[in-house]
Every structure is written in C-alpha cells, then in structure tokens.
Amino acid sequence: MRLKNKSVSKCRILAIMAFCLIIAGCAHVKRTANEDPEILWNRAWSSFRADDSPFSAQGKITYDSPKLTQSLNFIWRQEGRRHIRIDISGFFGIGLASACIAGDRAWLNVPLKSLYINGTISGIDSMAEKAAGIGIEKLLLIMQGCPPLETGQYSIAQDSEKFYLFVFAKKDTTITYRLDQQNARIVGYQLDITGKPEYSIGYNDWKPFNNSFRPHTVELFSYRDQAGLTIKFSSRVMEQAFGKDIWEQPAPLRGLGDE
C-alpha cells in the first residue's frame, strides 16, 4: 500500500509513539558484590529471560522536541514475545492510534488520519525505519530493557559514577552499554556514528514484577532530531489469556478523518 507524503507527515508522531511503546523489561533481582566486569557482563545477559505470562500495563508517553511537546496515555497488552498491542489515547480517552504485532504479522491504525496498515513484520519494519530512523524489531529489543547483544571484541571502562562501560567499535559505528555492577543490570545503551551520537536509551525506576525487575521509566533521545521520548508506566498487572479478537485489526471507521 502506497502512502501519500502528506499522510506520512501527519502521522509521523503517532506512528513513532505507537512503535516505541511496544516494550517490556526484565532484569535480575539479586545484587552483586564487586566482581570481574566480564563476569558481571555475562550475568547481566543471562538474567534476561522471556516471560510468556499475559499482562497488561498503563502509563503515559511524552514526546518532547523543539517544535512540539505532547503527552498521551497508553494501554499495553502482551502475551509472549510475538503478541503485543498498544492503544494510545488523548484527552477524554479519545483513541488516537493502535499498533499490534501478532505472530509474523503487524498492523497500525490511526483512525483520525484514515491510516490503516497491515502487513508482514519486515514490511512494517521498513516503514518504521523511514518514520523513526530505526526498525521496529530492533526497537522492540532496545525498549524492552534487553538491547541487542553485540558480538566480537570490546573494551571496558568506567564512568564517573562507577558504572562499567562496554564499548563495541565496528568501522564508523560505536555501541556503548552502561552496566550497573551492583545489580548486574544494563541501564543504558548508546549508538554513535563517525564519533557523533545518534540516539541513547536509559532505563530507570526499576520495580519488582512477576519475580523479576522491570524499568518503569524508559527514556529515548535522538540527537539528530534533538527529540526525546519518555515512557512512564503507572501500573502493570498479570492477566488471563487474551481473546483472539485483541490481536485482530479493527475495521476502518467510516466518515472519520476523510479528506
């Protein structure tokens, strides 16, 4: 399905918000003593584990740029790694956007702009890359507290706050992980290209949930656009299995947003 440039421009912010909200976090609970940094590094990654228990969450997302600051509410439903749905609403609960991943398919609805997209993960991933500068699958990993694990050689340093920095340098790209040695937990991730920062992710406000710890505040900052996205969870609850209709794309609303 081809989109008009005008429609893409209008829906850019809502699309980015919908994609960026598809997140979940996991972390090890046990605190650690001072250990060899490589042992802590391996422990941090081994603590990331999939939890397929259904849950729902609510919270607020704030987009902040030089041209616009806007806060919206969201409801997030998840069952396993491949069934995730986000519904974004504005004042008075008015639905603004919905995004869903169901198996190998994905869809995005922005009713007020008559935008309805349905396709494969790879197809939607391409659109996310153009709209937000990052593919949806990679964004999912980054935003769920488990940034993509790099392989190969790395260097180790410490910052002024005694956090370990694990630095991977490949050609013109540098990826830096920030590790909290007290909890064997990765709390930061940054991508630099040709020595200039592209974007960074910070995980904060960790709270216990279903026998693990999860970040209740996730902050993403794009240096290129000088724009930030802050996601704050107000609640998380365990759920029974969701009905199949949750993962199905709602039909377009007739007569709403037509131009």
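Going by the structure above, here's the rest.
The shown structure was predicted, so the numbers you read here are calculated from the model rather than taken from an experiment. (Residues numbered from 1 in each chain as written. Predicted model: local features only at pLDDT ≥ 70, side-chain atom pairs only at ≥ 80, totals over all residues. Heavy atoms only, no water.)

(A) How the structure looks around the overall build of the chain. Across its full length, the chain carries four helices and 13 strands. For the chain, the residues scored as buried account for 49% of the 259 residues in total. Contacts in the chain between residues at least 24 apart in sequence constitute 50% of all its contacts with a sequence separation of at least 6. Total accessible area computed for the chain in this model is approximately 13,700 Å², and 51% of it derives from carbon and sulfur atoms. (Helix = DSSP H or I, 4+ residues; strand = E, 2+ residues; numbered from the N terminus. Buried < 20%, exposed > 50% of the residue type's maximum accessible area, 1.4 Å probe, protein only. Contact = heavy atoms within 4.5 Å. Areas by Shrake-Rupley, 256 points an atom, 1.4 Å probe, with all protein chains shown as cover.)

(B) Summary view of the nonpolar core. One finds W41, F74, W76, Y177, L179, I186 and I201 to be the most contacted residues of the largest nonpolar core, which totals 49 residues. A total of five residues in this core trace back to one element, the largest contributor, which is strand β11 (residues 196-209). Counting residues in each nonpolar core, the second largest holds six residues, with C100, A102, W107 and W247 among its members. (Core = buried A, V, L, I, M, F, W, Y, C linked by side-chain atoms within 4.5 Å.)

(C) Seen up close, helix α2 (residues 37-46). Residues P37, L40, W41, A44 and W45 constitute the buried set of α2. In a view along the axis of α2, the buried residues occupy a sector of 130°, so they form one face of it. Every exposed residue of α2 that faces more than 90 degrees away from the buried side is listed here: N42 and S46. Capping the start of α2 is the job of one residue whose side-chain oxygen sits 2.8 Å from the backbone nitrogen of E38: D36. (Arc of directions from axis to C-beta. Polar contact = N/O pair within 3.5 Å; in protein donor to acceptor, adjacent residues only side chain to side chain.)

(D) Region of interest: the pairing of strand β9 (residues 173-180). For strand β8 (residues 164-170) and β9, the ladder comprises seven bridges, and the chain directions are antiparallel. The residue bridging V167 from the neighbouring strand is T176, located in β9. Linkage of β8 to β9, two consecutive antiparallel strands, is achieved through a turn of two residues, within which K171 is found at a positive phi near 55°. Where β9 and strand β10 (residues 185-193) come together, eight bridges link them in antiparallel fashion. When the sheet's bridge partners are listed, T173 is paired in β10 with I193. With antiparallel pairing between neighbouring strands as the criterion, β9 and β10 make up a hairpin whose turn holds four residues, including A184 at a positive phi of roughly 50°. (Pairing = 2+ DSSP bridges.)

(E) Structural view of unusual backbone geometry. Positive phi, close to 55°, is recorded for S114, a residue that is not glycine. Structurally, S114 can be placed in the loop between β5 (105-110) and β6 (115-120). Even without a glycine there, the phi angle at Q226 is positive, about 55°. With relative accessibility at 43%, the residue Q226 sits in the partly exposed group.

(F) The pattern of salt bridges, seen in detail. Under the defined criterion, the tally for this structure stands at seven salt bridges. With a shortest N-O distance of 3.8 Å, D205 and K207 are connected by a salt bridge. Residue classification places D205 among the partly exposed residues on the basis of a relative accessible area of 37%. The class for K207 is partly exposed, based on a relative accessible area of 35%. In this structure, a network of salt bridges that share partners links the residues R77, R85 and D87. (Salt bridge = Lys/Arg side-chain N within 4 Å of Asp/Glu carboxyl O.)

(G) Highlighting a nonpolar patch on the surface. Among the surface-exposed residues, F91, F92, I94 and L112 lie close enough to one another that they form a single nonpolar patch of about 540 Å² accessible area. Here L112 shows up in the loop between β5 and β6. Using a relative accessible area of 37% as the deciding quantity, one classes L112 as partly exposed. (Patch = residues over 30% accessible without salt bridge, like charges linked within 9 Å, V, L, I, M, F, W, Y side chains within 5 Å.)

(H) Inspection of the pairing of β10 at higher detail. Extensive coverage of β10 is indicated by the burial of seven of its nine residues. Across six bridges, β10 lies against β11 in antiparallel orientation. Paired with G188 across the bridge in β11 is G202. In this structure, the hairpin formed by β10 and β11 is closed by a connection of two residues, where T194 is found at a positive phi of approximately 50°.

By themselves, these figures tell us nothing about what the structure is for.
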